[in-house]
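Understanding the architecture of this molecule
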Amino acid sequence: MKKKCSHVWNTIKNHKKKTLLILILIIGGAWYYHSSTATVASTYVTRKVSLGTIRSAVSGTGQVQSFQEVSVSPKVSADVISINVKNGDTVHAGDLIATLDNTNALFSLQNAKISLAKLESSNPVSLSGSQNSVSSSQDNLNQSYSTAFNSLVSTYSDMGSILTSLNDMFYTNGVSPYFYDGTSVSQTYGPAALQYKTAAGVELDKAAQGYAAFRQVYSTISQNSTDTLVDALNKENKVAVDLLQAVKDTAVTVNYIISLTPKSSRTTAMNTDSANLSSWISTVNKDTSDVSSNVVSIQSNTRSLNQSTASLQSVQSGSNPLDIQSAQVSLAQAQYNYSQYFIRAPFDGIVGNVTLHKGDSAGPSSIIATIVTKDYISKISLNEVDSAKVAVGQPVAITFNALQDLKVNGTVSDVDTVGSVSQGVVSYTVTISFDTDDSRVKAGMSINADITTAEKDNVIVVPSSALKTVGNRTLVQIPAGPITYPTSATTANGSGSSSTARTNNRMGTATAVTTIPVEIGLSDDTNTEITSGLNEGDIIVIRTITNTSSSASSQASILSSLSGGRGGFGGGGATARPTTSTATARPAGN
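Here the structure is a predicted model, which means the values were calculated and not measured. (Residues numbered from 1 in each chain as written. Predicted model: local features only at pLDDT ≥ 70, side-chain atom pairs only at ≥ 80, totals over all residues. Heavy atoms only, no water.)

When helices and strands are tallied, the chain shows twelve helices and 23 strands. For the chain, the residues scored as buried account for 35% of the 590 residues in total. (Helix = DSSP H or I, 4+ residues; strand = E, 2+ residues; numbered from the N terminus. Buried < 20%, exposed > 50% of the residue type's maximum accessible area, 1.4 Å probe, protein only.)

Before going further, it helps to examine the sheet that holds strand β7 (residues 342-344). Within a sheet, adjacent strands bond to each other through the backbone by hydrogen bonds, running parallel or antiparallel. Here four strands make up an open sheet; going across it, the order is β7-β6-β4-β9 and the pairing antiparallel. Edge positions in the sheet fall to β7 and β9 (361-362), since each has one partner strand and no second. One ladder, built from three bridges, connects strand β4 (residues 78-83) with strand β6 (residues 96-100); its direction is antiparallel. Residue pairing in the sheet places valine 80 in a bridge with leucine 100 of β6. (Pairing = 2+ DSSP bridges.)

Scanning all chains against the criterion turns up ten aromatic pairs. Ring geometry for phenylalanine 170 versus tyrosine 171: centroids 5.9 Å apart, planes at 40°, classification tilted. With relative accessibility at 43%, the residue tyrosine 171 sits in the partly exposed group. Directly above the aromatic system of phenylalanine 179 lies the positively charged group of lysine 197, at a separation of 5.0 Å from the ring centroid. (Phe/Tyr/Trp six-rings, centres within 6.5 Å; stacked < 30°, edge-to-face > 60°. Lys NZ or Arg CZ within 6 Å of the ring centre and 35° of its normal.)

Excluding glycine, most residues fall at negative phi; most peptide bonds, likewise, are trans. Even without being a glycine, asparagine 353 presents a positive backbone phi close to 55°. Summarising the element assignment, asparagine 353 is placed in the loop between β8 (349-352) and β9. A positive phi angle, close to 55°, is found at asparagine 458, a residue other than glycine. You can see asparagine 458 is positioned in strand β16 (residues 446-463).

Turning next to a nonpolar patch on the surface. Nonpolar side chains collect at one region of the surface, where Ile22, Leu23 and Ile26 lie side by side and expose about 240 Å² of accessible area between them. Summarising the element assignment, isoleucine 22 is placed in helix α2 (residues 16-36). (Patch = residues over 30% accessible without salt bridge, like charges linked within 9 Å, V, L, I, M, F, W, Y side chains within 5 Å. Areas by Shrake-Rupley, 256 points an atom, 1.4 Å probe, with all protein chains shown as cover. Salt bridge = Lys/Arg side-chain N within 4 Å of Asp/Glu carboxyl O.)

Before going further, it helps to spend a moment on the nonpolar core. Residues Leu166, Tyr178, Leu229 and Leu243 are the most contacted members of the largest nonpolar core, which totals 48 residues. Broken down by secondary-structure element, the contributors of at least two residues to this core are α4 (127-171), α5 (177-180), α6 (182-189), α7 (191-218), α8 (229-260) and α9 (268-317). The element that contributes the greatest number of residues to this core is α8, accounting for 14 residues. Sequence-distant contacts of leucine 243, defined by excluding residues within four places in its chain, comprise Met159, Ile162, Leu163, Leu166, Ala207 and Val284. Within the second largest apolar cluster, 22 residues are counted, among which are Val64, Val430, Phe434 and Val441. (Core = buried A, V, L, I, M, F, W, Y, C linked by side-chain atoms within 4.5 Å. Contact = heavy atoms within 4.5 Å.)

Glancing now at the sheet that holds strand β3 (residues 69-72). What the four strands build is an open sheet, ordered β3-β10-β8-β5; its pairing is antiparallel. Single-partner strands in this sheet number two, and they are β3 and β5 (90-91).

Time to look at α6. Among all positions in α6, only Gly182, Val185 and Tyr189 are buried. With its buried residues spanning 65° around the axis, α6 presents them on a single face. Away from its buried face by more than 90 degrees, α6 exposes Gln187 and Thr188. (Arc of directions from axis to C-beta.)

The next point concerns the pattern of salt bridges. Considering all chains together, one arrives at nine salt bridges under this definition. Residue aspartate 231 is joined to lysine 235 by a salt bridge in which the shortest nitrogen-to-oxygen separation is 3.4 Å. Of this pair, aspartate 231 and lysine 235 both sit in helix α8, four residues apart, which is roughly one turn of the helix. For aspartate 231, a relative accessible area of 41% puts it in the partly exposed group. Judged by its relative accessible area of 40%, lysine 235 falls in the partly exposed class. Across the pair aspartate 242 and lysine 238 runs a salt bridge, and its minimum N-O distance is 3.8 Å. One end of the pair is aspartate 242 and the other is lysine 238, both in helix α8 and four residues apart, which spans about a single turn. By relative accessible area, aspartate 242 is classed as buried at 12%. Three or more residues joined by partner-sharing salt bridges are found here, namely Lys206, Lys238 and Asp242.

Relative to strand β15 (residues 425-434), strand β11 (residues 376-383) is paired through seven bridges, and the arrangement is antiparallel. Looking at the pairing, isoleucine 380 lines up with valine 430 of β15. Strand direction decides the pairing type here: strand β13 (residues 407-415) and β15, joined by five bridges, are antiparallel. Among the inter-strand pairings, glycine 410 is bridged to a residue of β15, identified as phenylalanine 434. For strand β14 (residues 420-422) and β15, the ladder comprises three bridges, and the chain directions are antiparallel. Opposite serine 422, over in β15, you have valine 425 as the bridge partner. Counting the residues in the hairpin turn of β14 and β15 gives two residues, including glutamine 423, whose phi is positive at 55°.

α7 packs onto α6 with a crossing angle of 145° between their chain directions and a minimal axis gap of 6 Å. Across the interface between the two elements, Gly182, Val185, Ser186 and Tyr189 of α6 pack against Pro191, Ala193, Leu194 and Lys197 of α7. Split by residue class, the contact of α6 with α7 holds five nonpolar, two polar and one charged. (Axes fitted to C-alpha atoms, helices over the stretch in contact; angles between N-to-C directions. Nonpolar A, V, L, I, M, F, W, Y, C, P; charged D, E, K, R; others polar.)

This part is about the side chain of threonine 370. As for its position among the elements, threonine 370 is in strand β10 (residues 369-372). With residues near it in sequence (within four places) discarded, threonine 370 still touches Glu69, Val70, Ser71, Ile350, Val351, Gly352 and Asn353.

Topologically, valine 476 is positioned in strand β18 (residues 473-479). Classification of valine 476 as buried rests on a relative accessible area of 1%. Along the sequence, valine 476 and leucine 534 sit 58 residues apart, while their C-alpha atoms lie 9.4 Å from each other. In this view, valine 476 contacts Ala466, Leu467, Thr514, Thr515, Ile516, Val518, Leu534 and Ile540; residues no more than four positions away in its chain are not counted.

What follows is the structure in structure tokens.
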């Protein structure tokens, strides 16, 4: 016997690979036998169908804006007599913002009143009084022509001098070395500086061409050219506006170059050019204001002379009803013109950016102040899918990045009917009105808007994960028979508890489930409304847990099956181990 065992042992040592392969096959066979005898049981997490609230919403981001913002400018040209507000003041519609010099307009208004009074009066009208009125009006008009002609000459001279200096900067080598050569400007100060210079050069050439064309008109004008002086003033003013733009663009370029140059490296030419450009801007601004004022003065005094002449003629020939009506219209026009010299707030709001002061010249291109409303809005951009759900009047919850503790309500006030396309994506702008007067809210703040597009109360609600879509049908699983609940309640995540089982989500064992169709309505991120197919209190399956365990006949371990219940390689008996149960959760209906 000992000899036979020795022979077996020597055979094993001489055939190690074959022996190892045989052992692997034996172990694998034992494991396969153990696995093939496993049984599978399913446990279902259930829930009672209940009533609830479901809300659908879309969200977006934007910035706070004032509902209305207007830059207040006069319709006439005159000097500022008074500024009646300051930054931060609250004004109401019609409040006085500023007053302009209204001397000529007041004279015209008074003359219009007198003319009407003469026609309407039953007393004899003094012929000499009417003649004096005509004479006075003629003197005022002659003075307007004289002042306007002097302004024409002065502005023409200023523009010629400024154009010459600008041309030297752009086109004469050595005047402004840092500015003259475009290639050097680009290399030294960057492409942006060259772009600024190029834009300024275009405006300069435009102004120079306009000035050259106006020179022919200027050569034909004299102080007695009353018929053509107004036309010449208007043409000159257009050239002056073009020149002003050229000077401003050049100033932007020079100041940009200076900002990039260390103080120790700034040349005399840089500082001189910057100062000259600032002075030229002031000069041209004053010239354009004077030219505009002179045109208005001529027109106003011409109307006054015409009215005085008509009044004199009426006195000489006797008045008639049509003359009275005409005088009434003239008076209304004079009153309107006079009112334009009093600048008033167009609506309730807050004053900001007051730019003019007493004594400054103002005109239609001047901004006296800016008025913004206290009401705030925000505009957010939504894609075409979300925007289709949004409608005017829907409530909005608004939060602020800068004010973490503040949440205000709002309302959708407008939805664009025409979208914009960017890189193939269509978006629509949605305007939101704020319902708050919190002083911490300021224009420009970033906001997050959550728009409630639909909301339903007391409807049947189930978790969206419990639904399955097959074709155009929506399905839900329900138990096919009674569910057995363990005495010790098991929660939805598979853990045991000694407390009473929860009534909402209970895990029980059922032999089978069945699938029924349902109709769905509103849905949010987690829940869906059921409009048909389920009733309150029905039980549905919201999750399936699969448990795998071995049968009693295969509870022995792999090693024990290998040893056949006898002593193993170590000589000891192998004890059978109970198998452990593993649970894998998966959504219902999958």
